[in-house]
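# Coordinate inspection notes
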Amino acid sequence: MARRTPTTQASLFGGDTPKVKRVTKKPSKPSTFREAFASRSAYAPRTTNSANRGEKRVWFSATAMESMNRCPRCFWIEKHEGIRQPEGIVSRLANRFDGVIKQYFDLYRASGELPPMVAGQLEGSLQYPFQEKYWYRVPGHDNRYGFYGKLDECLVSKDGKYTPVDHKTASSDPKTRDLIPAYQFQLDSYAFLLEKNAHPTTGIGHLIYFFPGHGEKLHEGFPMEITIKTLNTDPGRVMPRLEAAIKLLEGPLPQPGKECPFCAYVDRVKKF
Ligand code: SF4
């Protein structure tokens with residue numbers, strides 16, 4: 001029996017088999033976050049490493065939400081493409097400071113006593129054992145979003161309520177400075193996360209400022225002035241901002257923020 005050979009147009013009509021140019025359709029870049037997520041393309045959302053715990057979810061933090069306020073465009077680009085603004089040269093002194101303060105607080109944690117630095121100025125005892133990180137999965141939106149936060153410290157009152165605490169290193173006297181609005185949202189966020197994780201809150205949060213004072217005997221130790229500011233917390237402020245962040249992320253690329261001059265600068269120099 002004759003063997004059947006595959007037929008092509010060229011063998012039917014004679015002549016060489018033409019070279020067939022393979023046309024592959026280049027996937028077009030999705031214009032919205034929803035499209036990107038649905039197509040699971042290279043433009044699919046990135047998860048935040050510190051919080052994703054293996055889950056496919058976009059995680060927000062209070063800091064990310066503040067960056068959204070400063071410039072929605074940079075926020076959008078970071079969450080869609082994983083491209084962050086270059087950090088530049090920054091001092092890590094505050095990080096070192098935070099670490100030293102946390103270790104100092106840890107020394108008193110098991111005793112039920114407050115560290116002498118703040119004793120008599122705060123109510124409650126240090127949470128023991130201390131839970132630093134909290135997560136919350138935003139309902140709806142196909143379970144694609146979450147919110148997380150990392151507390152510096154937490155106090156527990158006698159009636160079992162929780163007060164978030166954040167340490168701040170100040171370069172100018174905090175007693176003479178207005179409160180930075182981002183700090184209010186930070187404490188609101190911590191209260192929100194505590195509440196969502198079955199830790200009822202006292203309705204307040206503390207900012208403990210550490211400010212290097214003047215001293216004539218620096219060789220005997222660096223004087224640190226401690227100022228505590230207590231704010232009322234409102235966890236109800238968090239959800240509307242989360243929803244606003246999601247809406248922004250699911251829409252088209254926003255315009256640059258007005259406060260940052262860099263996009264305008266890039267526009268002006270790119271012709272050279
Ligand atoms: S203006 Fe441009 S560079 Fe500046 S934060 Fe916004 S997107 Fe980023």
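Our subject is the structure listed above.
Our subject in this report is the structure included herewith. As the structure is a computational prediction, the values presented were derived from the model and not from experiment. (Residues numbered from 1 in each chain as written. Predicted model: local features only at pLDDT ≥ 70, side-chain atom pairs only at ≥ 80, totals over all residues.)

### Here's the deal with the site of the ligand
As a structural note, the neighbourhood of the ligand is formed by Cys71, Arg73, Cys74, Gln85, Pro256, Gly257, Cys260, Phe262 and Cys263. Elements supplying a minimum of two residues to the shell around the ligand: helix H5 (72-81) and helix H9 (262-269). Classifying every residue of the shell around the ligand by side-chain character gives six nonpolar, two polar and one charged. (Near = placed C-beta within 6 Å. Helix = DSSP H or I, 4+ residues; strand = E, 2+ residues; numbered from the N terminus. Nonpolar A, V, L, I, M, F, W, Y, C, P; charged D, E, K, R; others polar.)

### Focus on the nonpolar core
Within the largest apolar cluster, 33 residues are counted, with the highest numbers of intra-cluster contacts made by Phe60, Met65, Tyr190, Leu193 and Leu194. Ranked by residue count, the leading element in this core is helix H7 (residues 181-196), at seven residues. Apart from the residues within four sequence positions on either side, Met65 is in contact with Phe60, Phe185, Arg241 and Ala245. (Core = buried A, V, L, I, M, F, W, Y, C linked by C-beta atoms within 7 Å. Buried ≥ 20, exposed ≤ 12 C-beta atoms within 10 Å, placed from the backbone. Contact = placed C-beta atoms within 7 Å.)

### Brief notes about helix H4 (residues 62-70)
Within an α-helix, residues lying three or four positions from one another point in the same direction, as the helix has 3.6 residues per turn. Every buried residue belonging to H4 is among Ala62, Met65 and Met68, and all of these are buried. Down the axis of H4, the buried side of the element spans an arc of 110°, and every buried residue falls inside it. Tucked inside the fold, the buried residues of H4 contact strand S1 (58-60), H5, strand S4 (145-150), H7 and helix H8 (238-250). (Arc of directions from axis to C-beta.)

### What to know about the pairing of strand S6 (residues 162-169)
Across four bridges, the pairing between strand S5 (residues 153-156) and S6 is antiparallel. Of the residues in S6, the one forming a bridge with Glu153 is Val165. Where S5 folds back on S6, the antiparallel hairpin that results is connected by five residues, among which Gly160 adopts a positive phi of roughly 80°. As paired strands, S6 and strand S7 (residues 204-212) are joined by five bridges and run parallel to one another. Within S7, the position partnered with Thr169 by the bridge is Phe210. Between S6 and its parallel partner S7, the chain crosses via H7, and the hand of that crossover is right-handed. (Pairing = 2+ DSSP bridges. Right-handed = clockwise from strand over helix to strand, strands pointing away.)

### Points about the packing of H4 against H7
Running from amino to carboxyl end, H4 crosses H7 at an angle of 140°, the nearest separation of the two axes being 10 Å. Of the two possible hands of crossing, H4 and H7 adopt the one that is right-handed. Mapping the contact onto sequence places Ala62, Met65 and Glu66 in H4 and Ala182, Phe185, Gln186 and Ser189 in H7. (Axes fitted to C-alpha atoms, helices over the stretch in contact; angles between N-to-C directions. Left-handed = near helix turned anticlockwise from the far one by under 90°.)

### Some thoughts on the sheet that holds strand S8 (residues 224-232)
One open sheet accounts for five strands, arranged S2-S5-S6-S7-S8; its pairing is mixed. A single partner strand is all that each edge strand has here, and the edge strands are strand S2 (125-126) and S8. Across two bridges, S2 lies against S5 in antiparallel orientation. Across the sheet, residue Leu126 finds its bridge partner in S5, namely Leu155.

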